[in-house]
Amino acid sequence: MERIILWSLLIIGITLLFSSLRKPPIKNWILIFSVASCFSTFFGVLVVEEKMLEYPVRFLSNYFSSSLLYENLLFPVVCIYFYQTTYHSRYLNIVLQCILYTTVLTIIEFFFERYTELIKYHTWTWIYTFISTFLLMMFIRFLMQLINRNERYI
């Protein structure tokens with residue numbers, strides 16, 4: 001069952017990625033994808049190596065101990081959509097949308113931890129997922145805002 005879920009998430013992730021890249025500015029979407037992938041991989045490896053959680057069933061399990069699919073495809077794609085939906089938003093709406101996106105991701109992870117072998121918490125909890133996801137998405141959002149603001153002056 002877990003393999004079916006992983007393959008389904010892979011197909012969904014690739015479909016959403018290509019869908020998110022259809023409208024300009026594509027360079028922003030690629031940059032968001034890359035930055036989100038780098039940071040989520042870095043923190044994901046730290047958490048797994050510290051044995052706070054594990055991914056018993058995952059892609060390329062002989063080579064990676066963390067979730068390659070989530071850290072390098074699904075989370076970065078969600079970050080692109082978050083940025084796209086908050087592109088012209090004010091600060092409060094950005095925070096509220098980030099809470100919404102983070103809540104959905106946390107609930108999905110909670111159910112995967114509870115009912116599948118895709119993820120197992122050791123010292124990790126859903127609260128850590130919520131906080132770390134929220135902070136990382138907000139950091140990426142404001143990093144992109146800073147990059148785009150400085151780009152106007154060049």
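So, how was this worked out
Residues numbered from 1 in each chain as written. Predicted model: local features only at pLDDT ≥ 70, side-chain atom pairs only at ≥ 80, totals over all residues. Heavy atoms only, no water. Helix = DSSP H or I, 4+ residues; strand = E, 2+ residues; numbered from the N terminus. Rg over C-alpha atoms; globule rule 2.2 N^0.38 Å. Polar contact = N/O pair within 3.5 Å; in protein donor to acceptor, adjacent residues only side chain to side chain. Contact = heavy atoms within 4.5 Å. Core = buried A, V, L, I, M, F, W, Y, C linked by side-chain atoms within 4.5 Å. Buried < 20%, exposed > 50% of the residue type's maximum accessible area, 1.4 Å probe, protein only. pLDDT = per-residue confidence, 0-100. Expected span 1.5 Å × (residues − 1). Bend = angle between axes of the 7 residues up to and from the residue. Salt bridge = Lys/Arg side-chain N within 4 Å of Asp/Glu carboxyl O.

S.K.: Quick rundown of the overall build of the protein? Include the residues and the values.
M.R.: Along the protein, the regular secondary structure elements total five helices and two strands. Across the protein, helices and strands are ordered from the amino to the carboxyl terminus as α-α-β-α-α-β-α. In terms of overall dimensions, the protein is globule-like: its C-alpha atoms have a radius of gyration of 16 Å, near the 15 Å expected for 154 residues. Projecting the C-alpha coordinates of the protein onto the three principal axes gives extents of approximately 50 × 30 × 25 Å.

S.K.: Can you tell me about the side chain of Thr86, naming the residues and giving the values?
M.R.: If you trace the backbone, Thr86 turns up in the loop between helix 3 (68-85) and helix 4 (91-115). At 2.8 Å, the side chain of Thr86 and the backbone oxygen of Phe82 are in polar contact. Those residues in contact with Thr86 that sit more than four places away from it in its chain are Ile94, Gln97 and Arg141.

S.K.: Give me the lowdown on the nonpolar core, citing residues and values where you can.
M.R.: Counting residues in each nonpolar core, the largest one holds 32 residues, and the members touching the most others are Ile32, Phe75, Cys79, Phe82, Met137, Met138 and Ile140. Elements with a minimum of two residues in this core: helix 1 (2-20), helix 2 (26-49), helix 3, helix 4 and helix 5 (126-151). For this core, the element with the most residues is helix 3, which contributes ten residues. Residues Val48, Tyr55, Ile119 and Tyr121 belong to the second largest nonpolar core, which totals seven residues.

S.K.: Help me get a handle on the confidence of the model for the protein, residues and values and all.
M.R.: Here the protein shows a mean pLDDT of 92. Residues at 70 or above account for 97%. For the protein, the element scoring lowest by mean pLDDT is helix 5, at 92; helix 4 scores highest, at 97.

S.K.: Pulling in residues and values, what's your account of helix 3?
M.R.: An α-helical turn contains 3.6 residues, so any two residues separated by three or four positions project in the same direction. Under the 1.5 Å per step criterion, the end-to-end length of helix 3 is 25 Å for 18 residues, consistent within 8% with the ideal 26 Å. At Leu74, helix 3 shows its largest bend, some 30°, and a proline, Pro76, comes one to four positions later. Counting buried residues along helix 3, 13 of its 18 residues qualify, which places the element largely inside the surrounding structure.

S.K.: An account of the environment of Ile94 is requested, with residue identities and associated values reported.
M.R.: In this fold, Ile94 is placed in helix 4. By relative accessible area, Ile94 is classed as buried at 2%. Between the C-alpha atoms of Ile94 and Leu136, which are 42 residues apart in sequence, the distance is 13 Å. Ignoring any residue separated from it by four or fewer positions in sequence, one finds Ile94 in contact with Phe82, Thr86, Ser89, Met138, Arg141 and Phe142.

S.K.: Describe unusual backbone geometry, naming the residues involved and giving the relevant values.
M.R.: Excluding glycine, residues mostly have negative phi values, and the peptide bonds linking residues are mostly trans. Across the junction of Pro24 and Pro25, the peptide omega takes the value 0°, indicating a cis bond. Position of Pro25 relative to the elements: it lies in the loop between helix 1 and helix 2. At Lys51, a position not held by glycine, the phi torsion is positive, near 60°. Considering the arrangement of structural elements, one finds Lys51 in the loop between helix 2 and strand 1 (53-54). Exposure remark for Lys51: the relative accessible area of 59% places this residue in the exposed category.

S.K.: Quick rundown of the pattern of salt bridges? Include the residues and the values.
M.R.: Scanning the entire structure with this criterion turns up one salt bridge. Of the charged contacts, one joins Glu117 and Lys120 as a salt bridge, the two residues approaching to 3.7 Å between their closest N and O atoms. Residue class for Glu117 comes out partly exposed when judged on its relative accessible area of 39%.

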